[in-house]
Amino acid sequence: MAGVVAVVLGLLLLLGSPGGSTGPPRDSLREELLLSPLPSGDLAATFQFRARWDSELHREGVSHYRLFPKALGQLISKFLVRELHLSLTQGFWRTRTWGQPYLQAPAGAELWVWFQDSVTDVDKAWKELSNILSGTFCASLNFIDSTNTVTPTASFKPLGLANVTDHHLLRYAVLPREVVCTENLTPWKKLLPCGSKAGLAVLLKAERLFHTSYHSQAVHIRPICRDASCLSVSWELRQTLTVVFDAFSIGQGKRDWSLFKMFSRTVTEACPLASESKIYVDISSKTQENELLEVTPLPLSVHEASVQGDRRTYAVYDLLSPSLFNVSRSLNVQLKWKRPQDSLDLSTPVLHAQRYVSGYGLQTGEISTLIYNTHPYRAFPVILLETVPWYLRLYVHTLVITTKGKENKPSYIHYQPAQDRRRPHLLEMLIQLPANSVTKITIQFERALLKWTEYTPDPNHGFYVSPSVLSALVPSVIAMKPEDAEQSPLFTSLFPSSDGSSYFVRLYTEPLLVNLPTPDFSMPYNVICLTCTVVAVCYGSFYNLLTRTFHVEEPSSGGLAKRLANIIRKVRGVPPL
Amino acid sequence: MGLLSDPYRRRALSRLILRLNTPLCILSYLAGLGWFLGLASPPFTLRSYMSENAMGSTMVEEQFVFGERALSYAREFAGHRKKVGGIPVAWLEKTMWNLGLEVYKQPFSRTLPFPDEMRERYMVKGTNVYGILRAPRAASTESLVLSVPCSTGQHNSQAVGLMLALASYFRGQIYWAKDIIFLVNEHDLIGMEAWLEAYHDVNVTGEASGAVGAGAGPVSVGARDVQSPLDVAVGGLGTGAGWPNLDLCTTFPDAFCRKLNGCCAPLQGRLQRTDWDTLPAYVHSLQTLLLMVLKQGSGRPQGDHGLFLRYHIEAITVRGINSFRQYKYDMGTVGKTLEGMFRKLNNLLERLHQSYFFYLLPSLARFVSIGVYMPAFGFLILILVLKISPEPQLRATAARGGLWAESRPGLLTLVPPLLICHAMGLTLYFLPVLGQHVATQHFPVSESEAVVLTVIAIYVAGLALPHNTHRVLTGCGSERSWMTLKLLSLLYLAMLLGCITLINFSLGFLLAVTMVPVAAIIQPKGPKYLYAVLLVLVTPAVTLLLSIVLYQELIEYPISALECWQLFLQAVSEGLLDHYLYGSIVFPFIALFVYPCWLLLWNVLFWK
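This one's a predicted model, so the numbers in the text were calculated from it and none came from an experiment.

A. Highlighting the overall build of chain A. Across its full length, chain A carries 10 helices and 26 strands. Within chain A, buried positions represent 52% of all 577 residues. Intrachain contacts of chain A at a sequence separation of at least 6 include 76% that bridge at least 24 residues. Accessible surface, chain A as shown: approximately 27200 Å² in total, 57% of it carbon and sulfur.

B. Structural detail: the overall build of chain B. Helices and strands together make up the secondary structure of chain B, namely 23 helices and 11 strands. When burial is assessed residue by residue, chain B has 58% of its 608 residues classed as buried. Looking at chain B alone, contacts between residues at least 24 apart form 81% of all its contacts between residues at least 6 apart. For chain B, the computed accessible surface area is about 24600 Å², with 64% contributed by carbon and sulfur atoms.

C. Expanded view of the domain arrangement of chain A. Residues and elements named next belong to chain A. For chain A, the assigned domains are domain 1 (24-343) and domain 2 (351-481 + 495-514). Look at where the C-alpha atoms of domain 1 and domain 2 centre, and you get two points 26 Å apart. Between domain 1 and domain 2 lies a buried interface of about 3000 Å² when both sides are counted; carbon and sulfur atoms form 60% of it. Taken together, domain 1 and domain 2 are joined by one salt bridge. Where domain 1 packs against domain 2, one counts 10 residue pairs in polar contact (both at pLDDT 80 or more). Only helix H3 (95-98), strand E4 (108-115), strand E5 (149-150), strand E6 (170-175) and strand E13 (310-318) provide two or more residues apiece to the side of domain 1 that touches domain 2. Split into classes, the residues belonging to the side of domain 1 that touches domain 2 amount to 15 nonpolar, 13 polar and six charged.

D. Structural view of the state of the cysteines. Scanning the entire structure with this criterion turns up one disulfide over all chains. The residue that forms a disulfide with A:Cys194 is A:Cys271, at a sulfur-sulfur distance of 1.7 Å. On the S-S bond that ties A:Cys194 to A:Cys271, the torsion sits near 65°, and the link is right-handed. Residue A:Cys194 is located in the loop between helix H5 (182-190) and helix H6 (206-209), and its partner A:Cys271 is located in the loop between helix H8 (259-263) and strand E10 (276-282); the two are separated by 77 residues in the primary sequence. Side by side, A:Cys194 and A:Cys271 carry an identical accessibility label, which is buried. No disulfide involves B:Cys597; its nearest neighbouring cysteine sulfur is the one of B:Cys421, lying 9.0 Å away.

E. Representation of the nonpolar core. Ranked by internal contacts, the top residues of the largest apolar core, which has 111 residues, are B:Trp195, B:Leu360 and B:Leu535. A total of 15 residues in this core trace back to one element, the largest contributor, which is helix H23 (residues 586-605) of chain B. Listed in part, the 103 residues of the second largest apolar core include A:Leu43, A:Ala173, A:Val307 and A:Tyr314.

F. Here's a closer look at the packing of helix H3 (residues 21-38) of chain B against helix H19 (residues 505-521) of chain B. All names here are of chain B. One can describe the packing of H3 onto H19 by two numbers: an axis separation of 11 Å at closest approach and a directional angle of 150°. What the angle tells us is that H3 and H19 run roughly antiparallel. The handedness of the crossing between H3 and H19 comes out as left-handed. Across the interface between the two elements, Tyr-29, Gly-32, Leu-33 and Phe-36 from H3 touch Phe-505, Phe-509, Val-513 and Pro-517 from H19. Along the lines of polarity and charge, the residues of the contact of H3 with H19 split into seven nonpolar, one polar and no charged.

G. View of the environment of B:Ala31. Within the secondary structure layout, B:Ala31 lies in helix H3. Placed 348 residues apart in sequence, B:Ala31 and B:Phe379 show a C-alpha to C-alpha distance of 6.5 Å.

H. Inspection of the sheet that holds strand E10 (residues 359-363) of chain B at higher detail. Residue and element names in this part refer to chain B. Taking strand neighbours across the sheet as the criterion, the three strands line up as E1-E11-E10 in an open arrangement whose pairing is antiparallel. At either end of the open sheet lies a strand with only one pairing partner, and these are strand E1 (46-47) and E10. Two elements, E1 and strand E11 (residues 366-369), share two bridges in a ladder whose sense is antiparallel. Looking across to E11, one finds that Leu-46 is bridged to Phe-367. Along the sheet, helix H12 (residues 370-388) contacts E10 and E11; its crossing angle with E11, the most-contacted strand, is approximately 60°.

I. The arrangement of the sheet that holds strand E9 (residues 257-258) of chain A in detail. On the basis of which strands lie adjacent, the open sheet formed by three strands has the order E9-E14-E11 (chain A) and antiparallel pairing. Looking at strand neighbours, the two that pair on one side only are E9 and strand E11 (293-296) of chain A, the edges of this open sheet.

J. Quick look at the packing of aromatic side chains. Residues and elements named next belong to chain B. If you walk through the whole model with that rule in mind, you get 40 aromatic pairs over all chains. Pairing Phe-77 with Trp-91 gives two aromatic rings, centres 5.9 Å apart and planes at 50°, and the pair type is tilted. With a gap of 14 residues between them, Phe-77 in helix H4 (residues 67-84) and Trp-91 in helix H5 (residues 89-98) connect regions that are remote in the sequence. For Phe-77, a relative accessible area of 0% translates into the label buried.

K. Summary view of the packing of H4(B) against helix H6 (residues 157-171) of chain B. All names here are of chain B. Relative to each other, H4 and H6 sit at 125°, their axes nearing to 7 Å. One way to sum up the angle between H4 and H6 is to call them oblique. For the crossing formed where H4 meets H6, the hand is right-handed. Contacts from Arg-69, Ala-70, Leu-71, Tyr-73, Ala-74, Phe-77, Ala-78 and Arg-81 in H4 reach Ser-157, Gln-158, Val-160, Gly-161, Leu-162, Leu-164, Ala-165 and Ser-168 in H6. In terms of residue class, the contact of H4 with H6 is built from 10 nonpolar, four polar and two charged.

L. Here's a closer look at the UniProt feature "transmembrane region" (unreviewed entry) in chain B. All names here are of chain B. Mapped onto the present numbering, the UniProt feature "transmembrane region" (unreviewed entry) falls on residues 20-40, 356-389, 410-430, 490-523, 529-551 and 580-601. The distance from the first to the last C-alpha atom of residues 529-551 is 30 Å, and the span holds 91% helix and 0% strand. Annotation note: span residues 580-601, helix share 86%, strand share 0%, distance between end C-alpha atoms 29 Å.

M. Looking closely at a nonpolar patch on the surface. A cluster of nonpolar side chains, A:Leu560, A:Leu564, A:Ile567 and A:Val571, forms an exposed patch at the surface whose accessible area comes to about 450 Å². Structurally, the position occupied by A:Val571 is in helix H10 (residues 560-572).

N. View of the pairing of E11(A). All names here are of chain A. The side-chain alternation of E11 yields one buried face, formed by Leu-293 and Val-295, and one unburied face, formed by Glu-294 and Thr-296. As paired elements, E11 and strand E14 (residues 334-337) share four bridges and run antiparallel to each other. The residue of E14 that forms the bridge with Thr-296 is Gln-334.

O. Spotlight on the pattern of salt bridges. All names here are of chain A. The tally for this structure, following the rule as stated, stands at 19 salt bridges over all chains. Glu-207 is the salt-bridge partner of Lys-205, the closest N and O atoms lying 4.0 Å from each other. A relative accessible area of 25% means that Lys-205 is categorised as partly exposed. Between Arg-222 and Glu-236 there is a salt bridge, and its shortest N-O distance comes to 2.7 Å. Here Arg-222 is found in strand E7 (residues 214-225), whereas its partner Glu-236 is found in strand E8 (residues 233-245), with 14 residues between them in sequence.

P. Inspection of H6(B) at higher detail. Taking 1.5 Å per residue as the helical rise, H6(B) with its 15 residues ought to reach 21 Å, and the 21 Å between its terminal C-alpha atoms agrees with that figure. Where burial is concerned, most of H6(B) is hidden: 14 out of the 15 residues are buried.

Q. Spotlight on the pairing of strand E22 (residues 437-447) of chain A. Residue and element names in this part refer to chain A. Examined bridge by bridge, strand E16 (residues 364-373) and E22 share 10 bridges and lie antiparallel to one another. Within the sheet, the bridge partner assigned to Ile-367 lies in E22 and is Ile-443. Across eight bridges, strand E18 (residues 392-403) lies against E22 in antiparallel orientation. Counterpart to Val-400 in the pairing with E22 is Thr-442.

Calculation rules
Residues numbered from 1 in each chain as written. Chains lettered and ligands numbered in written order. Predicted model: local features only at pLDDT ≥ 70, side-chain atom pairs only at ≥ 80, totals over all residues. Heavy atoms only, no water. Helix = DSSP H or I, 4+ residues; strand = E, 2+ residues; numbered from the N terminus. Buried < 20%, exposed > 50% of the residue type's maximum accessible area, 1.4 Å probe, protein only. Contact = heavy atoms within 4.5 Å. Areas by Shrake-Rupley, 256 points an atom, 1.4 Å probe, with all protein chains shown as cover. Domains from an automatic or database assignment. Buried area = accessible area lost by both parts, 1.4 Å probe. Salt bridge = Lys/Arg side-chain N within 4 Å of Asp/Glu carboxyl O. Polar contact = N/O pair within 3.5 Å; in protein donor to acceptor, adjacent residues only side chain to side chain. Nonpolar A, V, L, I, M, F, W, Y, C, P; charged D, E, K, R; others polar. Disulfide = S-S within 2.5 Å. Core = buried A, V, L, I, M, F, W, Y, C linked by side-chain atoms within 4.5 Å. Axes fitted to C-alpha atoms, helices over the stretch in contact; angles between N-to-C directions. Parallel < 35°, antiparallel > 145°, perpendicular 65-115°, else oblique. Left-handed = near helix turned anticlockwise from the far one by under 90°. Pairing = 2+ DSSP bridges. Phe/Tyr/Trp six-rings, centres within 6.5 Å; stacked < 30°, edge-to-face > 60°. UniProt positions renumbered as here; feature names shortened; annotations may be inferred. Patch = residues over 30% accessible without salt bridge, like charges linked within 9 Å, V, L, I, M, F, W, Y side chains within 5 Å. Expected span 1.5 Å × (residues − 1).

Set out below in structure tokens:
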């Protein structure tokens, strides 16, 4: 009894001193909401929750979890995961009209994992890991198998601290058909230290989040440097959620918005466990006249940052500063457009892409990808990753890449052909995009006939092909100075920037929906009847008629002797002559 | 089958067929014709029903009430169109953008093989404008199309107005799972074809067009909307390539009838009768059926939807007709119906694949499925089979009688007529368009007249060709060689008709009804000139002429002989244009196959 009391007391003590200098595992939580009006007039809201834990998860004996969710921590130590990125997305980020996203994700579910080099059987670990994640996030990740898993060689580099780049430790899979809904949101919210009780997570009301044109939630786990000297490793868990509100349909044609209008909630307090809790509002304007937008309440501070090759200004609301809630008890950030936006001259992002299936008929087709580089004078290379299921048989000799009417030879090609029912096609290419150009990549395919048990329950809906992935270092227009990752806002610090002159962009194209030749499943009975009849009745007789010749044998009466002999034989019971 | 393997009965059977050949043929012809005429009456027709549950009439509740807005858009559009003198691209772009759509335009240009005099166009330049309503929370994998033609001659402003009003209403809704493309296409079918080809990134007919800016996934269903004031017809059928899914055809009238207290939409421009089992009702539905068969047999796309079908996109055309009835429908009602259709299509989880793809419609409430109408054609083809089967027997008996003892010409004699006939076919196909410039230099005619007249000239010239080349080879024609030639042409005809009927029943049936009986009786003996007249009467060109007369009779718009001739010339040039512009197969089929086959029969007739 006394022992129990001591343990409870100890626990209480431990909880009472958050971030105390004595406790060996030091962890911290930052939460952040970025509201950015998009060029089309819609509004993107990006939530980021970062839990950082200065602990060696891979070492045995870590059993006490505080801010870092235990479900994920145990996964990492059990499967020796180095990095894990999972995203569940409903809708499609329209880069052309919405601009470059901070975090892009393909439609459906995407999972990519780097394992430690001590893992012996990567495929087994991958299989088990995806099954466990499937349960954790209520997603169909258990459908990840060898037919949709690939090992890219160049597209997916570790985002965190890593000295191993042996790509055999990497697994990547996309499920383009996955539908994301509340059942996926709830377990995601439960990983947050404050749940949805306090802090920014209060805004995460499912009813409103799924009333949007784009919804993407993700979990990123990676090792990072513990301090500037980088002698030891900390673990970082980022939970991100991006939604795009259709300002047009919720505002009845007006493009003004407020927190309450979007989420039907307002923010009243920061999460008590968070060491930082901020709301950023992108108030930078293209035309240098700040007349365009008006934000209320007036921001306490303004943050200037160079993001994605552009200088931007953000209004910052620090929820931990007491002056914010002085006037009113809740914070409802509002934004008004001072004059209507001018139409039709949307600035297009430097890099965007589009993919479609061309051709008609059910035998062959062509996958075309258009990649746009709208940079006025800089060329840059892009890595394209295509994963195509085996039932579309790619003809690699038909791969054509043209830019400005000329053939564009990729400087690197990695192609892994598919094996029927075992693995998909994998095509990775490094393509140079000239300045101000459109590059068209086409490859032809043939549609395979599936076995009749392999069709989905709705075969006439079509079969999905996962989006292709574009990774590029896009040259920026302005010089960016590298910032300290710990100090800068979260939305700028997921992808490591290499130097000041370019920034990393990863883009996903649309998933494709391809029709395969589909038998009429409602008619097996008819077909069976017809074939049986044809085989039984017609075939045999016609075959007879065609192969045999019929002669009429005149019955020879024979002589009298023969007849007599036959009568005798008949009487005797032996066959006649 | 035992019947056939038993030599006695087999011989008896063939003797029976030989003896009763002519009565059997006549019987079979009458049966085929009777069957076809019976298709319009109840035992052959089934009630239309909806196979797709999501398309059921009670699945959505329409709430479109913006008829007035549609009319004001229409007035505005008409004003801008008058000002610009064509499709007001800038205004459309601006309006669609303000409605919250993604707007793109597609310029295209096309040079026709020869000037189209009816529509006065030769080098066509135009612009398609389209706005895409992006479905929230969907990755642009599927889409629906609502297209409205905007050509110079047509007054289709109200349709554009309605489309814009629908777009603005749809934009505010959140239930869309498929992108919706609102397309205004210029130069009706040419613009539509340009857009479709660019959308699928293919080049079927050699049209130069700008790329379609933003793909929106495969289109699963396209509906097209043409309206002038206030009455609605479904012109859904009778296209070159095939039929739209019956479910789609039924949805519209179904929704319409239900909403509007029993007044059904007309089919083929004819109002529907409510009774079914009276004689006038039968005649009425037979006339509708005949109209449909004639239209379908022409292989022309009857509306923009015909072009969609090649890409396996189910589409129908809704066309307004101006009636003189007291009650007319306002824009709100029409909009409501369209809204209902789009929402039902939006609810579909799969492409339309249930229901029927091959059918005839004697009325909207009833249909004839392929299994029911095919026997009519089967009876006609049976004549050819009956005629073919006794030939070897005849030959056998003749050989036994020592009739052909003198010479046994090989198949070599058949090669020259075959070659000549097909060379004529090739000339008929290629020469008119290639030689139009030469023709205009030497004769005082325009290009399109030159093309049509060349077609007719070559067609007629085919009759006068020397058909007795076999005499050079063998010295003298024989009984046996014309029989072989006739056997060959009958087989050829049967194969051609069988093939075309599978893809275009109406065309196959029309050709079979006319050509088969004459082909069966033709021979170089007997009343030769009567046969010649008969054979000329069933040539495809005369069939076309007669079809035009029949069509005009059916739509109760009789014409004089001169008008008829004008229409005939027009139909020939239209047929050529359809082939070159939209890839219709009727002209090449007739020119390259049916006409040579008919020439072979002509050869048989004048065999010496």
